[in-house]
Structure formats: C-alpha cells, structure tokens
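Chain residues, written in single-letter form:
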Amino acid sequence: MLFSSIVFLFIFFPAVLILYYMFFFSRVCQNVILLLASLVFYAWGEPLYVLLMIASILVNSLLAGVMQRLTGEGGRKVVLFLAVGANLATLFVFKYLGFVMGIFGVETVSWPLPIGISFFTFQALSYVVDVYRGTVKAENPFYVGLYIAFFPQLIAGPIIQYNTIAQQIRHRKSDFNMFSVGVSRFTVGLGKKILLSNCFAGIADNIFGWSMIGTERMAVPVMLAWLGSISYSLQIYYDFSAYSDMAIGLGLCFGFKFPENFNYPYIAESISDFWKRWHISLTDWFREYVYFPLGGSRVKNQDFMVRNMLVVWLLTGIWHGANWTFLFWGLMYFVFQLAERFFEYPKKMKSRFAKHLYTLMIVNALWVVFRSDDLYQAGRFFMNMLGVNNNGFYSDLAVMLIRENLVFLALGILFAMPIARNMNEILYRNPKSAVSRVGVFVYPVGLMLLLIVCVAYMASGTYNPFIYFNF
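About the criteria used
- Residues numbered from 1 in each chain as written.
- Predicted model: local features only at pLDDT ≥ 70, side-chain atom pairs only at ≥ 80, totals over all residues.
- Heavy atoms only, no water.
- Helix = DSSP H or I, 4+ residues; strand = E, 2+ residues; numbered from the N terminus.
- Buried < 20%, exposed > 50% of the residue type's maximum accessible area, 1.4 Å probe, protein only.
- Contact = heavy atoms within 4.5 Å.
- Areas by Shrake-Rupley, 256 points an atom, 1.4 Å probe, with all protein chains shown as cover.
- Patch = residues over 30% accessible without salt bridge, like charges linked within 9 Å, V, L, I, M, F, W, Y side chains within 5 Å.
- Salt bridge = Lys/Arg side-chain N within 4 Å of Asp/Glu carboxyl O.
- Core = buried A, V, L, I, M, F, W, Y, C linked by side-chain atoms within 4.5 Å.
- 1 Å grid on protein atoms, 1.4 Å probe; cavity = no way out; pocket = protein on both sides within 12 Å on 5 of 7 lines; lining within 4 Å.
- Points joined across faces, edges and corners; volume = space filled by probe spheres on them.
- Axes fitted to C-alpha atoms, helices over the stretch in contact; angles between N-to-C directions.
- Parallel < 35°, antiparallel > 145°, perpendicular 65-115°, else oblique.

Quick word on the overall build of the protein
Then, in step 1: Each helix and strand counted, the protein has 21 helices and zero strands in total.
Then, in step 2: Relative to its full complement of 471 residues, the protein shows a buried share of 51%.
Then, in step 3: Partitioning the contacts of the protein with sequence separation of at least 6, the portion at a separation of at least 24 is 76%.
Then, in step 4: If you sum the accessible surface of the protein, you get close to 22,300 Å²; carbon and sulfur atoms cover 69% of it.

Comments concerning a nonpolar patch on the surface
Then, in step 1: Residues Ile103, Phe104, Val106, Trp324, Phe328 and Leu375 make up a contiguous nonpolar surface patch of about 590 Å² in total accessible area.
Then, in step 2: Residue placement: Trp324 occurs in helix H14 (residues 324-343).
Then, in step 3: Taking relative accessible area as the criterion, Trp324 reaches 45% and is therefore assigned partly exposed.

Focus: unusual backbone geometry
Then, in step 1: Here Tyr264, not a glycine, exhibits a phi torsion of approximately 50°, which is positive.
Then, in step 2: Residue placement: Tyr264 occurs in the loop between helix H10 (222-253) and helix H11 (271-277).

Considering the environment of Gly45
Then, in step 1: Note that Gly45 resides in helix H2 (residues 27-45).
Then, in step 2: Gly45 gets classed as partly exposed once you look at its relative accessible area, which sits at 38%.
Then, in step 3: Along the sequence, Gly45 and Arg352 sit 307 residues apart, while their C-alpha atoms lie 46 Å from each other.

Digging into the nonpolar core
Then, in step 1: Phe8, Phe254, Trp278 and Trp367 are the most contacted members of the largest nonpolar core, which totals 136 residues.
Then, in step 2: Among the elements that make up this core, the one with the highest residue count is H10 (16 residues).
Then, in step 3: Sequence-distant contacts of Trp367, defined by excluding residues within four places in its chain, comprise Tyr232, Ser233, Ile236, Tyr266, Phe274, Trp278 and Trp329.

A word on the layout of surface pockets
Then, in step 1: Roughly 1,700 Å³ of volume is contained in the largest pocket.
Then, in step 2: If you trace the largest pocket, you find 49 residues lining it, with Val188, Ala420, Asn424, Tyr443 and Leu447 closest to the centre.
Then, in step 3: Within the residue set of the lining of the largest pocket, elements represented by two or more residues are helix H9 (176-213), H10, helix H19 (406-414), helix H20 (419-429) and helix H21 (434-459).
Then, in step 4: By residue number, the principal contributor to the lining of the largest pocket is H21, which donates twelve residues.

Side note on the packing of H2 against helix H3 (residues 50-69)
Then, in step 1: Viewed as axis vectors pointing N to C, H2 and H3 meet at an angle of 140°, and their least axial separation amounts to 9 Å. Relative to H3, the element H2 lies oblique. For the pair H2 and H3, contact is made by Leu39, Tyr42 and Ala43 and by Val50, Met53 and Ile54, respectively.

Here you go:
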C-alpha cells in the first residue's frame, strides 16, 4: 500500500488514527492497534510474505530472549551467530540466491522480492545485536513485532536502530503540537512525491527506456541523455526523501520521533559529505554495526582502515540489490571516498562552487549506473552523455520536455537547497513580527491547497512509481 494512494490517505490512515486515539487511556491498547494495523498494511501488498515477516519477529524475539538468559559469553555469541545467520540467510535466499546461482549458470526458481525485506531485516539485526551488547533488554514478541513491522517506516525506512526507539514504544508522549507537525511533514512529503518525483520519473524512465532500445533504432543525443540523468537524480532524491518525510510525519502523529534521513545532500561539497546527508539511517547502521566493530578508522595500520571502508561499501552496494550495477556503484563510492581521505582534494579546492560541481558530477554519473539495468547499458548511456555514440548534441525532444516541465524542474532544483528550512527559520525567529504572523496563516492554507492538488493528481491516476519498494 503506497502512502501516495487514495486507499491509504482516505481509508487506512484515518481508520487507524481514529482507533488509536479512541484508546488514549491505554498505551498497551494503542500499541496493539498499531501492530495489527501494520500487519494489515503489509499484507495488503504481500498477503503471503507477511508470514515471513511474522516468522522473523518470532525467531528474533526467541533468540534474543535466549541470549539474554545465558550468562556465558561463549553461549551468547553462539546465539548471536544463529540470529545474525538466520536473518542474513533469509535475505540471501529471497534477494540474492537467483543472482548468485546465475553467475554459475544454474537456473533457480524465481519468486517476487518481499517488499521492504532489506529494511525490516536490518531492523531485526539491530535488535538482536543491541540485546547482545546489553544496551537494551530483550522484549516480548509483541513489542519486537511493533518495532519491526511499524507501518510508517516498514517499507522504506528510515532504518531505526532498536536502542533509539526502545523507550518510545512504551513511554512515548504525544500532543496536539506533535500531531500537527506530523501532519504538516506528511503533506510536504506527499507533495514532493506526487508533484516532483513522479514528474521526474516520467522523464527519466522514458529517456533511459529509449537508451535501452539501441543507438541504431533510437539515438539519444547529448542534451537528452543529460536531461535523463539529471531527472533521475532529482527523481530518486524526491522519491526517497518524500517517503522519509511521510514516514517521520506519520510517526509523529502516533507519538514516535524518528531520526532524519536526508539533509539536503545535493548541496554537499564532497562525496564524503554527500553520504553524511543521504540516507543517513543506512549510513549510521553500517557505521554502528559493521564499520566500528571492524575497527573503524582508529586502527594503527591504515590497510585495515581501507579494508573496513571496502567492506562497508561492498555491503552498501549489495544491500541495494542483486545486480552488478549496484556492486560497481558501491565500489566507486569507496574509491572516491578513499581518494578524498588520502589526497584531501575537496579541502584543497578554494572555490565552493568547484566543490559542489565536482560532487554533483560524480553523484549524477553514479546515479546513471544505479538506474541502468546492467553495466553495458550504463556504458552506452555514458557514451550518449559524452557525445561519442554518433548521437549528436542538440535534441528537439529534450527542449520540448524541458519546456513542458520547466516549472517542476525549477522547483526540484530550488527545493534541493535549504530554501524552505531557511524560510522557516526566518518566519519563526521572531514570532511577533508581521512576517511571522502572515506566515502562520499562509502556511496551513498552503498545505491545504497542496493536499488538494495532490489528491487531484492521485485521483486522475497519474504515473506513480516508487523506487525503494525494490529494496
């Protein structure tokens, strides 16, 4: 079930909200409602695989409970190994088995990828590792189930580490201010998804589709190729950050505070800076559960630091999907971050514009690899972008697409910068000023209009893909 759907917006979410606040006097009842609603939410799109998620909840609850009762370190490590192995084995079978067997030329039975399996598996791993470390206590399956299956962040994050939310499950507080902020955040995310991401998706998907047809049948000129790559860069940012906005907003409506997942990544001044701003929860997860346990960067031998970075970026690429493109994408980020660490060339650039340009060019190029079906298509698309594919430079089609979508492209570029955040700071810095008083009135009216426009787009059945359902 998509957040950006009529069913969710006007049936599922209002029904859950009403039931939830009907039991304001009992946190236990509210948690029961949220867990049952989350299972229904997942079963709506995955009626069979919801059993897989329930099995994950029960197995991880059981093993964490056993681990906590054991006193010997050896026994606790064995149980941790079993828990981690069970989670990774499940992820491997459903997401990577066909790819690995295909490398050896062995055909296997293919089945649909369970939606969000990478996200809820990583949350399950966070739980068992946190219990092993002793930072949290083992919970009963009911609360573990709510943590893993909670519908706002179930499908595409943010990836919540158990130690950051354990107290909120039982002892969170909610009020009207938190609820209103949550509704506002959700509406903004919905607008980003419906009005911006979906627009860019139509452009990018068509151009990448034409590139797949082949140069002989459909030449993709330089202008059109660059428009396609830039559109995809905007699409994936607004698609994923919109979902995170909606998830954080929904969490606030129920009293949960989720960590931020994006911080204007396209204003980054280096590749390392970009990954401090992009999919923050995934970066934090790998740092906490992989990079630091391996020794991180605080090692005497720099070779170990390089190894640790390589492991993290290999896993980051693999996490995104079973394809050579994702593996190559992760390795290239490793290469660029390693180069930045040793040669410090972004720091040596005096021009901030040069830093931004360097970062955006690399990120945009790697999104081409990420979007392509295989490395061959990525190579052909790069050739189109560089004009070495006998494809020419000018494109009437590119000009037409830019004209038709000029407003959306301009807004996409504008709001990729912290314009909205700075405006909010100005408006609320002095709440008694005339500007702030006008803003207090205009902001909710604007959100209402935004919601109406989004609903109109949804009702018309416009193109509404979602990238991170595939992960």
